[in-house]
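A closer look at the structure
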Amino acid sequence: MNYRHAFHAGNHTEVFKHAALTLVLEQLLQKPRPFAILDTHAGIGLYDLTADEALRTNEKAAGVERIFGRALPSASMYFSALHAINGNGLTSYPGSPELARLALRECDRLILCELHPTDGLQLKRRYQKDRRISVHVRDGYEAIGALLPPPERRGVVFIDPPFERKDEINLIQRALQKGFQKWATGIFMVWYPIKEPTTGEAVASAAALAGFSSALQAEFCPYQRDGGILAGSGIVICNPPWKIDDKLRTLCGDLTSLLGGKRSSWSVVAVDCSQHRNH
């Protein structure tokens, strides 16, 4: 519970995962039926890039600062949200709660979970006047079992853990298994950092073993993988929306030119979910 999103706001992993999240939200918005979003590790929603936390790490310099003011046609919703809250230059960064809020229609609903008490209280204050949004200061993994399925029966669970705990993969696997039991048709997105070489494989295996019939794994690294630095990040999407793989490939291509260049690498591949039948 020591991890604070504010120190990492707008870094290259955030650009990738948040742009990918908006691609899924765009798909949900194509149908008139209402949907729900459960964000399990919400943070505070909106980040001041001029605050001490952001300036101390300056991670935005290799991330959102390279995106802002330039074209990103593959992620128009993300691009529009970023510029909507920054009318006079880049001073704020929208976390997943704010990106989701900007996408909501009157019929849709957003459920935010944040375990850190200070951040949870700030999140409550930020969204207390929006009746479409509920905030819970609680463990997001536990909320998957407690709050699903949503009445809307349509939507996405966004799992963005800090990867501070040694048992994070086990927590993800149990959460996905519980999620499948409670809401087999929901879209589940799991983010992970690419530093240790086995993390992505472990998250993909967790998705495969949970019981979902299909899953997709996308990774984007603006830096070379050397097992030491944070080279990039990945997302596993269970029950991926139709043709989201093509959209992710286009996104990765755009981000390569903006964030990485020749040193970057990326992949978008299907996860073999048939293995869960053998366990």
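Note that the structure is a prediction, hence the values are computed from the model and not measured.

Topic: unusual backbone geometry
The linkage connecting Leu 148 with the following residue, Pro 149, adopts the cis geometry, with an omega of 0°. Looking at the secondary structure, you find Pro 149 in the loop between α7 (140–147) and β6 (155–159). Look at Asn 58: it is not a glycine, yet its phi comes out positive at around 55°. Among the structural elements, Asn 58 can be located in the loop between α2 (52–57) and α3 (64–67). Even without being a glycine, Arg 153 presents a positive backbone phi close to 60°. Assignment of secondary structure puts Arg 153 in the loop between α7 and β6.

Re the environment of Pro 73
Along the chain, Pro 73 turns up in the loop between α3 and α4 (76–84). On the basis of relative accessibility, which here comes to 65%, the residue Pro 73 falls in the exposed class. Between the alpha carbons of Pro 73 and Leu 251 there is a distance of 8.3 Å; along the sequence they are 178 residues apart.

Some words on the UniProt feature "active site" (unreviewed entry) in the protein
UniProt records the feature "active site" (unreviewed entry) for Asp 160 in the present numbering. With respect to the helices, strands and loops of the structure, Asp 160 is situated in the loop between β6 and α8 (168–182). Within polar-contact distance, the side chain of Asp 160 engages the side chain of Lys 17 at 2.9 Å.

Points about the sheet that holds β6
Spatially, β5-β4-β1-β6-β7-β9-β8-β10 is the arrangement adopted by the 8 strands of the open sheet, whose pairing is mixed. Since the sheet does not close on itself, it has two edges, and those belong to β5 (133–136) and β10 (265–270), each with one partner. Averaged over all pairs of adjacent strands, the angle between their axes in this sheet comes to 10°, without regard to strand direction. Of the pairings in the sheet, the one linking strand β8 (residues 215–221) to β10 comprises 6 bridges and is antiparallel in character. If you follow Ala 218 over to β10, its bridge partner there is Val 268. The strands touched by helix α1 (residues 12–28) within the sheet are β1 (36–39), β6, β7 (187–194), β8 and β9 (232–238), with β9 carrying the most contacts at an inclination of about 25°.

Regarding the packing of α8 against helix α9 (residues 199–210)
Close contact between α8 and α9 brings their axes to 8 Å; oriented N to C, the two are set at 25°. In terms of orientation, α8 and α9 fall into the roughly parallel class. The element α8 and its partner α9 pack so that their crossing is right-handed. On α9, the residues touching Ile 169, Ile 172, Gln 173, Leu 176, Gln 177 and Phe 180 of α8 are Thr 199, Ala 202, Val 203, Ala 206, Ala 207, Leu 209 and Ala 210. Across the contact of α8 with α9, the residue classes break down as 10 nonpolar, 3 polar and no charged.

Thresholds, definitions, all that
Residues numbered from 1 in each chain as written. Predicted model: local features only at pLDDT ≥ 70, side-chain atom pairs only at ≥ 80, totals over all residues. Heavy atoms only, no water. Helix = DSSP H or I, 4+ residues; strand = E, 2+ residues; numbered from the N terminus. Buried < 20%, exposed > 50% of the residue type's maximum accessible area, 1.4 Å probe, protein only. UniProt positions renumbered as here; feature names shortened; annotations may be inferred. Polar contact = N/O pair within 3.5 Å; in protein donor to acceptor, adjacent residues only side chain to side chain. Pairing = 2+ DSSP bridges. Axes fitted to C-alpha atoms, helices over the stretch in contact; angles between N-to-C directions. Contact = heavy atoms within 4.5 Å. Parallel < 35°, antiparallel > 145°, perpendicular 65-115°, else oblique. Left-handed = near helix turned anticlockwise from the far one by under 90°. Nonpolar A, V, L, I, M, F, W, Y, C, P; charged D, E, K, R; others polar.

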